[in-house]
Amino acid sequence: MRSVMLVGDSGVGKTCLLVRFKDGAFLAGSFISTVGIDFRNKVLNVDGVKVKLQIWDTAGQERFRSVTHAYYRDAHALLLLYDVTNKASFDNIRAWLSEIHEYAQQDVVLMLLGNKADASHDRSVRREEGERLAKEFGVPFMETSARSGLNVELAFTAIAKELKHRSMKEPDEPKFKLHEYVNKEMKTAGCCRS
Ligand SMILES: Nc1nc2c(ncn2[C@@H]2O[C@H](COP(=O)(O)OP(=O)(O)OP(=O)(O)O)[C@@H](O)[C@H]2O)c(=O)[nH]1
């Protein structure tokens, strides 16, 4: 079982992203903030191998930070989210990265996601800004939408591929490079993969 944690400000869409991935649906209706931490399991078939993901949905609210800090250490991968319609959530990414640096394992698999890419009218963070920040910190990046499904499957599959590769360590197998995989997928998909 590989453990993946969703982190980022309150309201960026962590719960919705997980529900979209797990159930293929958008959690419409009023926003119910996560209290503390919650998890869902999902088994993925990665190149013919079953990869079990335990996906932790953390509360973004400041008052739950001490609860979530305790879980960082056990995470094999982190999906760090901001909301493209909320500039403050983007500006906070630097603070999230230093928190990750402090509490997570050094070799944790990390990916930055700009969520709510569907909300083009309310957008306040351009894709290029997300790309630039991700490049500065050397992490793979993609925009997602829990509402439309854009890149949701891809984000989790990319993480699962990397985790599978790390756990197998077969010397004959060519090294999987998460960065290259994401870049290639983004290029083929163009702007609008769902
Ligand atoms: N347009 C749009 N709205 C979204 C998307 N994802 C989430 N939302 C909305 O954003 C709000 C917050 O979503 P949540 O998934 O509950 O946010 P969260 O990050 O889990 O918040 P906390 O639990 O407080 O940390 C809800 O009203 C969702 O309907 C998306 O991809 N597009």
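The paragraphs below set out a description of the structure included in this document. Small disclaimer: the values here were computed from a predicted structure and weren't measured.

**As for the pattern of salt bridges**
Okay, step 1: One pass over the full model with this rule turns up 13 salt bridges.
Okay, step 2: A salt bridge links Arg166 to Glu162; its shortest N-O distance comes to 2.8 Å. Taken together, the residues span about one helical turn, with Arg166 and Glu162 both in helix H6 (residues 152-168) at a distance of four residues.
Okay, step 3: What makes Arg166 partly exposed here is its relative accessible area of 32%.
Okay, step 4: Given a relative accessible area of 7%, Glu162 falls into the buried group.
Okay, step 5: Overlapping salt bridges bring together Asp47, Lys161 and Lys164 as one network.

**Some remarks on the packing of helix H4 (residues 93-103) against helix H5 (residues 127-137)**
Okay, step 1: Where H4 contacts H5, the two axes come as close as 12 Å, and the packing angle between them is 25 degrees. Taken together, H4 and H5 sit at an angle that is classed as roughly parallel. Of the two elements, H4 crosses H5, and the hand of that crossing is right-handed. Residues Ile93, Arg94 and Leu97 of H4 lie in contact with H5, whose contacting residues are Leu133, Glu136 and Phe137.
Okay, step 2: Each residue belonging to the contact of H4 with H5 can be placed in one class, and the counts come to four nonpolar, no polar and two charged.

**Focus on the sheet that holds strand S1 (residues 2-7)**
Okay, step 1: Across the sheet, six strands lie side by side as S2-S3-S1-S4-S5-S6; this open sheet has mixed pairing. Here the strands that pair on one side only, and so sit at the sheet edges, are strand S2 (37-46) and strand S6 (141-143). The sheet shows a mean angle of 25 degrees between the axes of neighbouring strands, taken without regard to direction.
Okay, step 2: Alignment of strand S5 (residues 109-115) against S6, held across three bridges, turns out to be parallel. Residue pairing in the sheet places Leu112 in a bridge with Phe141 of S6.
Okay, step 3: Lying on the sheet, helix H2 (residues 65-72) is in contact with S1, S2, strand S3 (49-58) and strand S4 (77-83); it crosses S1 at an angle near 150 degrees.
Okay, step 4: Docked against the sheet, H4 engages S1, S4 and S5, running at close to 165 degrees with respect to S4.

Criteria and thresholds
- Residues numbered from 1 in each chain as written.
- Predicted model: local features only at pLDDT ≥ 70, side-chain atom pairs only at ≥ 80, totals over all residues.
- Heavy atoms only, no water.
- Salt bridge = Lys/Arg side-chain N within 4 Å of Asp/Glu carboxyl O.
- Helix = DSSP H or I, 4+ residues; strand = E, 2+ residues; numbered from the N terminus.
- Buried < 20%, exposed > 50% of the residue type's maximum accessible area, 1.4 Å probe, protein only.
- Axes fitted to C-alpha atoms, helices over the stretch in contact; angles between N-to-C directions.
- Parallel < 35°, antiparallel > 145°, perpendicular 65-115°, else oblique.
- Left-handed = near helix turned anticlockwise from the far one by under 90°.
- Contact = heavy atoms within 4.5 Å.
- Nonpolar A, V, L, I, M, F, W, Y, C, P; charged D, E, K, R; others polar.
- Pairing = 2+ DSSP bridges.

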